[in-house]
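Here is how the chains run, residue by residue.
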Amino acid sequence: MKSLATLSILIFALIFTSCDETKKVIDVAGSVQLTGNYTVSAINGEKPTVKEVPSFSMSALDNTFRGATGCNSVFGTYNLDLYAISFKDLAVSERECTGKDIMKVERDFLDALNKTGSYSLQDGVLTFYSKTDRSVVLSAKKEIRNQE
């Protein structure tokens, strides 16, 4: 009876270890898929109305996020858990920017990142969804590099 209990515990542990390893593989694959440069095409459903639209890059190597708000630089890290994503330790440079539109786009961009809870990447368009109601908070077009 003792050996049956031990065998059951070992099988149970193996199953959960396998599930954890599968999840890690999926997370790494998702992070690699996100790696690249993006240009923001919409924030909260609206196209930015400034000359310098926000852009950013994501790196699977160290899960870093770097970008430009149109005026200031932003950087930090992100965490993935399957299709859930969260941005952590975001920091923004503090250049003085002229123009209300530039500052509004910057605020909206940073707010969208802070509200993000999940993502999808289809046909070169990265979409971030709200963590509260799954509404679209940001869309960005991935830069496609020519393979020569």
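Residues numbered from 1 in each chain as written. Predicted model: local features only at pLDDT ≥ 70, side-chain atom pairs only at ≥ 80, totals over all residues. Heavy atoms only, no water.

Colleague: Would you take a moment to explain the nonpolar core for this structure?
Modeller: Soluble globular proteins tend to bury their nonpolar side chains together. With 25 residues, the main nonpolar core has Phe56, Met58, Phe109, Phe128 and Leu138 as its most contacted residues. Among the elements of the structure, β1 (36–43), β2 (55–59), β4 (73–81), β5 (84–92), α2 (100–115), β6 (116–122), β7 (125–130) and β8 (136–142) are those that each provide at least two residues to this core. It is α2 that provides the largest number of residues to this core, a total of 5 residues. Apart from residues no more than four positions distant in its own chain, Phe128 is found in contact with Phe56, Met58, Ile85, Phe87, Leu113, Thr116, Ser118, Tyr119, Ser135, Val136, Val137 and Leu138. (Core = buried A, V, L, I, M, F, W, Y, C linked by side-chain atoms within 4.5 Å. Buried < 20%, exposed > 50% of the residue type's maximum accessible area, 1.4 Å probe, protein only. Helix = DSSP H or I, 4+ residues; strand = E, 2+ residues; numbered from the N terminus. Contact = heavy atoms within 4.5 Å.)

Colleague: Could you clarify how one ought to interpret the environment of Leu80 in this entry?
Modeller: Positionally, Leu80 belongs in strand β4. Along the primary structure Leu80 and Tyr119 are separated by 39 residues, whereas in three dimensions their C-alpha atoms are 9.7 Å apart.

Colleague: I would appreciate a short explanation of the packing of aromatic side chains in the present structure.
Modeller: The description of an aromatic ring pair uses the distance of the two centres, along with the angle that the planes make with each other. Applying the stated rule across the entire model yields 7 aromatic pairs. For the pair Tyr38 and Phe56, a centre-to-centre distance of 5.1 Å together with 20 degrees between the ring planes defines the contact as stacked. With Tyr38 in strand β1 and Phe56 in strand β2, this pair connects stretches of sequence that are 18 residues apart. On the accessibility criterion, Tyr38 (2% relative accessible area) is buried. Taken together, a centroid distance of 5.0 Å and an interplanar angle of 70 degrees make the contact between Phe65 and Phe87 edge-to-face. You can see Phe65 sitting in strand β3 (residues 64–68) and its partner Phe87 sitting in strand β5, a full 22 residues away along the chain. With respect to class, Phe65 is no different from Phe87; both count as buried. Of the aromatic side chains, those joined through ring pairs into one cluster are Tyr38, Phe56, Phe65, Phe87, Phe109 and Phe128. Just above the ring of Tyr129 sits the side chain of Arg134; from NZ or CZ to the centre is 4.0 Å. (Phe/Tyr/Trp six-rings, centres within 6.5 Å; stacked < 30°, edge-to-face > 60°. Lys NZ or Arg CZ within 6 Å of the ring centre and 35° of its normal.)

Colleague: Honestly, the state of the cysteines in this entry has me stumped. Any pointers?
Modeller: Between two cysteines, a covalent bond joining their sulfur atoms is known as a disulfide. The tally for this structure, following the rule as stated, stands at 1 disulfide. Note that Cys71 is cross-linked by a disulfide to Cys97, the S-S spacing being 1.3 Å. Between Cys71 and Cys97, the S-S torsion sits near -85 degrees, and that sign places the bridge as left-handed. A residue pair is termed long-range when its members are at least 10 positions apart, and Cys71 in the loop between β3 and β4 and Cys97 in the loop between β5 and α2 qualify at 26 residues. On the basis of relative accessible area, Cys71 is assigned to the buried category, the value being 9%. (Disulfide = S-S within 2.5 Å.)

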